[in-house]
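# What the coordinates show
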Amino acid sequence: MHSMFPASFSLLGDYVPEFASFPESASTFAERNDSVYWYITWICVAFFIPIGYCLFYFAWKYHKPKGAPAESQVSHNTPLELAWSILPSILLIWMFYAGARGFLDQRVPPDGGYELKVEAQKWSWLVDYGRGTYHPELHILLDEPTRLTMTSKDVIHSLYVPAFRAKKDIVPGRYNYMWFEPTIASEKVSDEELKQAKAWNKGNPAWDYDHHQFTPEGYRFFDLYCAEYCGKDHSMMQTQVVVHKTQEDLDAWIKEKSTRGEVPMEEWGQRLYQQRGCKGCHSIDGSSGTGPTWKDSYGAARDLTDGRSAAVDENYVRESILNPKAKIAKGFQPVMPSYKGQLSDDDIDSLIAFMKTLSKNYKPEPDKRSAAEEQKGAVEQKAAEDNSTATESGGEN
Amino acid sequence: MSSGSLPPGMKIRDPGFPTQRENYLTNSKGVLSWMFTLDHKRIGVMYLIGISVAFAVAGFLALGIRWHLFLPDGMLFRNPQTGNDTYNQVFTLHGAIMVFLFIIPSVPAALGNFLVPIMLGAKDVAFPRLNLCSFYLWVFGAVFFICALCASGLDTGWTFYTPYSTTTNSSVILATSGAFVLGFSSIFTGLNFIVTINTMRPPGMTWFRMPLFLWATYSTSIIQVLATPVLGITLLLLIAERVMHIGIFDPEFNGDPVTFQHFFWFYSHPAVYIMILPAFGIISDLVSVHSHKHIFGYRFIAYSSLAIALLSFIVWGHHMFTSGMSPLTTIIFSALTFSVSIPSAIKVFNWLATMYKGSISLTTPMCYTITFIFLFTIGGLTGLHLGTLATDMHLHDTYFVVAHFHYVMVGGTVVAFLGGLFHWWPKMFGKMYSEFGGRLSCLLVFLGFNLTFLPQFVLGSRGMPRRYATYDPEFAYLHQMSTWGATLLGIGLIVAFVVLMRSLIRGKPAPANPWGGATLEWHCTSPPPYYNFERPPLVGDPYDFHDLRWDEENERYVTIEPEREIVPREIPDEVTVQANKDH
């Protein structure tokens, strides 16, 4: 359909992708919605050209010197007026019908299919792949209807994938649902290109999706935006949608993301910092954000809003993650959502390990044990101390 | 005009020029005579100055937005910590100032205050003190906005969506209080016009002899009086939620954020018609006067104004198509939304039919009228893509929406406002401006506007979300086109401003009827006397141009009428007695 109706605004669209009117059509909704779009657009053009023509033609043709009388003083013509009031309504009824049909399809997901949970917060996305596996990227399966159950931790967000022509607000305090069926799989770039990109990216913890145009695993992706204004970094609240060709490919990717495996704790902590929304509010370079910076924070003393002060140690960090409103640092708002049940003990310890690497207030004690063992000891000790908290946090242990 | 061309038994009627004593601008002097004036014309002029300042401020903020978006990572507000916050505050204030301080009061309060009584044939509005009060409430509301700006800014978007607005650190309470006060200003204006039009029509001024601008103003006033209180309540609830956590909008206290959206749009959608209906009224008058032809389908246009006013109350849900309303509700709102497009289309066809076989003078107001019809048609037609549910799922909250409503609000209301201003400027200030300058400004506005907003339709359909401080590099060239367009648009508006200001100093004195209008304001001198009419004016068909003749020698239109004698009941000794009593 798209090729039949070239874009009215950018006729080059079919030949030069840069000038296209639409992003790639990558879901079952796309083709249908675009054809409705083009039918409406052509109806509009069919009205607009005569209107514009009459406007300028009359202005030229009936342009007369001042004082010349008008050729006619006809003040009304009821049948004509009724005709142009009623006849266009038929087209409107068609538009309404086509729109409502497409909308109902988009609202009612088919049975079965692939189900995922999506959590939105200022200013990051998190997809819950089940069994404790979370990742900001949305990975789904080709030709498989995918249903998203979405929640927001703070304000209203809106999940928008232009390539799928699908959008739904995510309202805090309730579940919102959406579904789509991807029809184009994400290509994988060559190993060589990936290697080059990794070399280019070396030393930079954050992957530059805009620069590379593929994920760290080498998948091309579709953009996923937040479409409802949500504050400071609303425009940065983007993630990537990767469509896998086979279930095996998808499962392998999920498996790789599910556990820390052999990755060192500090690096895993850094990855969690990037991916799980910490980054949105806590800087690691000392600048102040919505929350306190992590630089030099571990091991320091911190003033609280209630006038007390607390040492930032393992217990403090753990409590701040699981029950953030218990102690609020002075000068900040109690806006952090709880991560109870979403970060495993190993995840929390990894984050603590990462925070330690950022702080000059933390001095490892090399005379006792190696750093890794020391952390392990700390985990055990803390697990015993925080027994009650750990029980509350549910089945993650 | 030589008397030879007059039909026998006819004479010329022209009020001439006002004396300094009569001229409403000069009949009393001093700042206080303006600050405490009860004259609707002076209040209109004060409104005009106020809204022009607001328009300039919000316009420069718009240029800030556009130049920031010149580069994908932002060009103006580049501080990595606060840059995005600054951008968010800039677009919020642009929207809030434009909507609450400029567009809503623009035509009704500035032009409307000047024109409603005088077009109606009345001496003033029904409640002159309420009218002055409404102006000072506007000033008071503006002060609140300035305080919000100076305190910690405002970053909620002009829509104040919860729970963002109940949790952000910026000055939400100051800004919403400002909007609350401005709401009263708007209600007072609306109330005044409804009562004025209902009760103060002189003998002979039947409903269907009213100029269409008055029909539009009347419809607008109905919306102002009925819808604005809902905004007031909503904003008070928002403040209560923020301060006391009453648990109506914030989900943390068991509130529902979507309830706020329903409340907010129950006002703000009709408010869209508060903005555009008066523009329809202006264009209906302008197209007829400058085509020197009877308006086509007077009753259809008048009734369609009322129809729009009523339908505007039942379409608010289309702002929430993606928020998760039930499918049935969503579909009903879609159907209702389409219904409101019909009365708007009727007007466009009627305006074109008015031009057909007319005698068109391509004056500045007419150029703006043609620009309006062109731009508003695009704005209206692209609304169809958004009312259609399937395509709205893609286009909602993208630049397509931004482009659509700017075509209606700027291409529609602002262009009509400018057209109206150029049309009635000679009447308001008694000076003619440079026609060349006026037409040049119109051309620049037309080109600049289209260059700004046409690319935004493409941006939107390509998936660029609105309210983004930074964006993906593939959108860059369209944003850059838009930025250049905005700059050109700004230049066009500055040219218009300079042309009008220059006319005040250098302009030729305006005749009573420079365009050949048949409505009552052209029967007064330019500028009108402070009392508008000495005696209730003779009211005829407002679009009957048979009696008007062009007087080449004096560059004015004059009315010809049969010779007759007007016998006053008593002749006042001195006209100025009343002036001394009043001031």
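What counts and what doesn't
- Residues numbered from 1 in each chain as written.
- Chains lettered and ligands numbered in written order.
- Predicted model: local features only at pLDDT ≥ 70, side-chain atom pairs only at ≥ 80, totals over all residues.
- Helix = DSSP H or I, 4+ residues; strand = E, 2+ residues; numbered from the N terminus.
- Buried ≥ 20, exposed ≤ 12 C-beta atoms within 10 Å, placed from the backbone.
- Rg over C-alpha atoms; globule rule 2.2 N^0.38 Å.
- Contact = placed C-beta atoms within 7 Å.
- Axes fitted to C-alpha atoms, helices over the stretch in contact; angles between N-to-C directions.
- Parallel < 35°, antiparallel > 145°, perpendicular 65-115°, else oblique.
- Left-handed = near helix turned anticlockwise from the far one by under 90°.
- Nonpolar A, V, L, I, M, F, W, Y, C, P; charged D, E, K, R; others polar.
- Pairing = 2+ DSSP bridges.
- pLDDT = per-residue confidence, 0-100.
- Expected span 1.5 Å × (residues − 1).

## Quick notes on the overall build of chain A
Along its length, chain A carries 11 helices and 12 strands. The buried share of chain A, reckoned over its 397 residues, is 36%.

## Re the overall build of chain B
When you go through chain B residue by residue, the secondary structure sums to 16 helices and three strands. For 583 residues, the compact-globule estimate of 2.2 N^0.38 gives 25 Å, and the C-alpha radius of gyration of chain B, at 24 Å, lies within 12% of that figure. Summarising its shape, the C-alpha atoms of chain B cover approximately 80 × 50 × 45 Å along the three principal directions. Taking all 583 residues of chain B together, 61% fall into the buried category. Taking contacts inside chain B between residues at least 6 apart in sequence as the whole, the part at least 24 apart equals 83%.

## Considerations on the packing of helix α3 (residues 83–120) of chain B against helix α4 (residues 128–150) of chain B
Helix packing geometry: the angle between the two helix axes and the distance between the axes. All names here are of chain B. Look at α3 against α4: their axes get within 12 Å of each other, and the N-to-C directions meet at 165°. Relative to α4, α3 is oriented roughly antiparallel. You can see that α3 and α4 cross each other, and the crossing is left-handed. Here α3 contributes L93, A96, I97, L101, P105 and N113 to the contact with α4, which in turn contributes N131, W138, A142, F145 and L149. Considered class by class, the residues forming the contact of α3 with α4 number nine nonpolar, two polar and no charged.

## Points about the sheet that holds strand β6 (residues 157–161) of chain A
All names here are of chain A. Across the sheet, five strands lie side by side as β4-β10-β9-β6-β7; this open sheet has mixed pairing. This sheet does not close on itself; its edge strands, each paired only once, are β4 (138–141) and β7 (166–170). Sheet twist, expressed as the mean angle between neighbouring strand axes with direction ignored, is 25°. Summarising the sheet, β4 and strand β10 (residues 238–244) pair through four bridges and their orientation is parallel.

## Section: the interface of chain A and chain B
At the interface, 78 residues of chain A touch 80 residues of chain B. Among the secondary structure elements, those contributing two or more residues to the side of chain A that touches chain B are α1 (28–61), α2 (78–107), β6, β7 and β9 (222–226) of chain A. When residues in the side of chain A that touches chain B are grouped by element, the largest group, 16 residues, is from α2(A). Residues that form the side of chain A that touches chain B fall into these classes: 41 nonpolar, 23 polar and 14 charged.

## Details of the sheet that holds strand β3 (residues 556–562) of chain B
Residues and elements named next belong to chain B. Read across the sheet, three strands follow the order β1-β3-β2 without closing on themselves; strand pairing throughout is antiparallel. Since the sheet does not close on itself, it has two edges, and those belong to β1 (10–13) and β2 (548–551), each with one partner. Here the strands of the sheet are splayed against their neighbours by 40° on average, with no regard to which way each runs. Alignment of β2 against β3, held across four bridges, turns out to be antiparallel.

## Overview of the environment of F446(B)
On the secondary structure map, F446(B) appears in helix α14 (residues 435–461). The spacing of F446(B) and F374(B) is 72 residues in sequence and 9.4 Å in space, taken between C-alpha atoms.

## Details of the confidence of the model for chain A
Residue and element names in this part refer to chain A. Averaged over every residue, the pLDDT of chain A is 82; residues scoring 70 or more account for 86%. For chain A, helix α11 (residues 387–392) is the element with the lowest average pLDDT, namely 41, and β6 is the one with the highest, namely 95. Below pLDDT 50 for its whole length, residues 1–14 participates in 27 contacts with residues either more than four positions away or in separate chains. Contacts for the low-pLDDT stretch residues 382–397, under 50 throughout, to residues beyond four places or in other chains number 19 contacts.

## Let's talk about unusual backbone geometry
Negative phi is the rule for most residues except glycine; trans is the rule for most peptide bonds. Geometrically, the link from K122(A) to W123(A) is a cis peptide bond, its omega value of -15° lying close to zero. Residue position: W123(A) is located in the loop between β1 (114–121) and β2 (124–128). Residue P163(B) is bonded to the preceding T162(B) through a cis peptide linkage, with omega at -5°. Note that P163(B) resides in the loop between α4 and α5 (164–167). For D143(A), which is not a glycine, the phi torsion comes out positive at approximately 55°. Within the secondary structure layout, D143(A) lies in the loop between β4 and β5 (146–152). Not every positive phi belongs to a glycine, and D397(B) is a case in point at roughly 60°. Positionally, D397(B) belongs in the loop between α12 (389–395) and α13 (399–429). Exposure remark for D397(B): the 24 C-beta atoms within 10 Å place this residue in the buried category.

## Observations concerning helix α10 (residues 327–355) of chain B
In this model α10(B) runs 44 Å from its N-terminal to its C-terminal C-alpha over 29 residues, within 8% of the 42 Å that 1.5 Å per residue would give. One or two positions beyond α10(B), positive phi appears at K357(B), with a value near 60°.

## With respect to the packing of helix α11 (residues 364–387) of chain B against α13(B)
Residue and element names in this part refer to chain B. Direction vectors running N to C along α11 and α13 enclose 160°, while the axes themselves pass 8 Å from each other. By the criterion of interaxial angle, the relationship of α11 to α13 is roughly antiparallel. Crossing angle aside, the handedness with which α11 passes α13 is left-handed. Tallied by class, residues from the contact of α11 with α13 come to 14 nonpolar, 11 polar and no charged.

## Details of the environment of L194(A)
Residues and elements named next belong to chain A. Along the chain, L194 falls in helix α3 (residues 191–201). Taking the C-beta count within 10 Å as the criterion, L194 has 18 such neighbours and is therefore assigned partly exposed. Placed 45 residues apart in sequence, L194 and T239 show a C-alpha to C-alpha distance of 19 Å. Those residues in contact with L194 that lie beyond four places of it in its chain are V189 and G218.

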